[in-house]
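# Coordinates in review
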Amino acid sequence: MELKGKVAVVTGVSKGIGLETVKALLNEGMIVAGWGRTEPVFNHENFHFHKTDVSNFEAVQASFQSTIDSLGSVAVLINNAGLGVAGMLHEMSNEDWQTMFNTNVNGVFYCAKAAIPGMIDMEEGHIVNIASIAGITGIENMAGYCGSKFAVRGISHSLFKEVRNFGIKVTCIYPGSTNTNFFDEFEGVNANENMMRPEDIASSIVHVLNTHPNYHVVDIEMRPLMPKGKSNK
């Protein structure tokens, strides 16, 4: 897809992968609507923030209408917003479980549902869903988070088959540990320099968006090369 001058929506833009993706898309000449609960400390003439809770259908609808009214049709959707809560399944509160699924799964559904009709009209579009390595393997004490990210994988694989004949691509990305604030709420785990950089995840997103119209990248799994650092010989 030719990106310059086209409109992208990126969710979860306050920091980390979302904010780095915003910057990367702006560097490609895109106009970016950033949706999130917290506005990032970032300014650019082609960046437009919309306060949005993607777990709320009415909020998504309002932000989408505001985006197309002010910026035009949406060609790219990056479903990045997400969160995780650690804990054994039988000890997890119903509220934490529902919060993860409402954001990580329902948010993908609400945003894609809003964007796809316009993409069909344009006969062009690309949806990128940010899952996690937790979407392809089970992790102890992360059943809820893994379940939500496995759901994103299943949605992505089904959705691309639904919309491919309209010229719309769907790509699912599975990052391993990334140096972001995601780990702030996890006891005993700290983000560090041995993890991947969020800007490298963003560069992979730009790469798949820039592909030829008949070339479709369905899945990308990425991991840090040396998650524990260099070994001592």
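Okay, so let's go over this structure. (Residues numbered from 1 in each chain as written. Predicted model: local features only at pLDDT ≥ 70, side-chain atom pairs only at ≥ 80, totals over all residues. Heavy atoms only, no water.)

### What about unusual backbone geometry?
With a phi angle near 60°, Glu123 is a residue other than glycine that sits in the positive phi range. By the element assignment, Glu123 lies in the loop between helix H3 (94-122) and strand S5 (125-130). Its identity is not glycine, yet Asn141 carries a phi of approximately 70°, on the positive side. On the secondary structure map, Asn141 appears in the loop between S5 and helix H4 (143-163). Assessed through its relative accessible area of 36%, Asn141 is described here as partly exposed. (Helix = DSSP H or I, 4+ residues; strand = E, 2+ residues; numbered from the N terminus. Buried < 20%, exposed > 50% of the residue type's maximum accessible area, 1.4 Å probe, protein only.)

### Remarks on helix H1 (residues 16-27)
End to end, H1 covers 17 Å across twelve residues, agreeing with the expected 16 Å (1.5 Å per residue, within 8%). Burial analysis of H1 places nine of its twelve residues in the buried class, the great majority of the element. By the burial criterion, the buried members of H1 are Gly16, Ile17, Gly18, Leu19, Thr21, Val22, Ala24, Leu25 and Leu26. Following H1 by one or two positions, Gly29 has its phi on the positive side, about 90°. (Expected span 1.5 Å × (residues − 1).)

### As for the packing of helix H2 (residues 57-71) against H3
The geometry of H2 relative to H3 is characterised by a closest axis approach of 9 Å and an angle of 35° between their N-to-C directions. Taken as a pair, H2 and H3 cross one another with a handedness that is right-handed. Residues Phe57, Val60, Gln61 and Phe64 of H2 form the contact with H3, whose own contacting residues are Tyr110, Cys111, Lys113, Ala114 and Ala115. Of the residues belonging to the contact of H2 with H3, the class tally is seven nonpolar, one polar and one charged. (Axes fitted to C-alpha atoms, helices over the stretch in contact; angles between N-to-C directions. Left-handed = near helix turned anticlockwise from the far one by under 90°. Contact = heavy atoms within 4.5 Å. Nonpolar A, V, L, I, M, F, W, Y, C, P; charged D, E, K, R; others polar.)

### Quick notes on the packing of aromatic side chains
In this structure the tally under the stated criterion is four aromatic pairs. Ring geometry for Phe42 against Phe47: centres 5.6 Å apart, planes inclined by 70°, an arrangement best described as edge-to-face. Seen from their ring centres, Phe109 and Tyr110 are 5.6 Å apart, and the 45° between their planes marks the pair as tilted. Overall, Phe109 belongs to the partly exposed group, its relative accessible area being 44%. A network of ring pairs unites the aromatic residues Phe57, Phe109 and Tyr110 as a single cluster. (Phe/Tyr/Trp six-rings, centres within 6.5 Å; stacked < 30°, edge-to-face > 60°.)

### Here's the deal with the pattern of salt bridges
In the structure shown here, the tally under the stated rule is five salt bridges. Put simply, Glu20 and Lys23 hold a salt bridge, and the shortest N to O gap is 3.7 Å. Note that Glu20 and Lys23 are positioned in helix H1 at a spacing of three residues, about one turn of the helix. Given the relative accessible area of 30%, Lys23 is considered partly exposed. Between Arg197 and Asp200 there is a salt bridge whose closest N-O contact spans 2.8 Å. (Salt bridge = Lys/Arg side-chain N within 4 Å of Asp/Glu carboxyl O.)

### Focus on the packing of H1 against helix H5 (residues 198-209)
Two numbers describe how H1 lies on H5: the axes approach to 8 Å, and their chain directions differ by 50°. With respect to their mutual orientation, H1 and H5 come out oblique. Remark: the crossing between H1 and H5 carries right-handed chirality. Contacts between H1 and H5 involve Gly16, Ile17, Glu20, Thr21, Ala24 and Leu25 from the first element and Pro198, Glu199, Ile201, Ala202, Ile205, Val206 and Leu209 from the second. Looking at the contact of H1 with H5 residue by residue, the class counts come to nine nonpolar, two polar and two charged. (Parallel < 35°, antiparallel > 145°, perpendicular 65-115°, else oblique.)

### Topic: the state of the cysteines
All told, the structure shown has zero disulfides when counted by the stated rule. Free cysteine: Cys111, not disulfide-bonded; nearest cysteine sulfur from Cys172 at 15 Å. Residue classification places Cys111 among the buried residues on the basis of a relative accessible area of 2%. (Disulfide = S-S within 2.5 Å.)

By themselves, these observations are geometric and do not establish any function.
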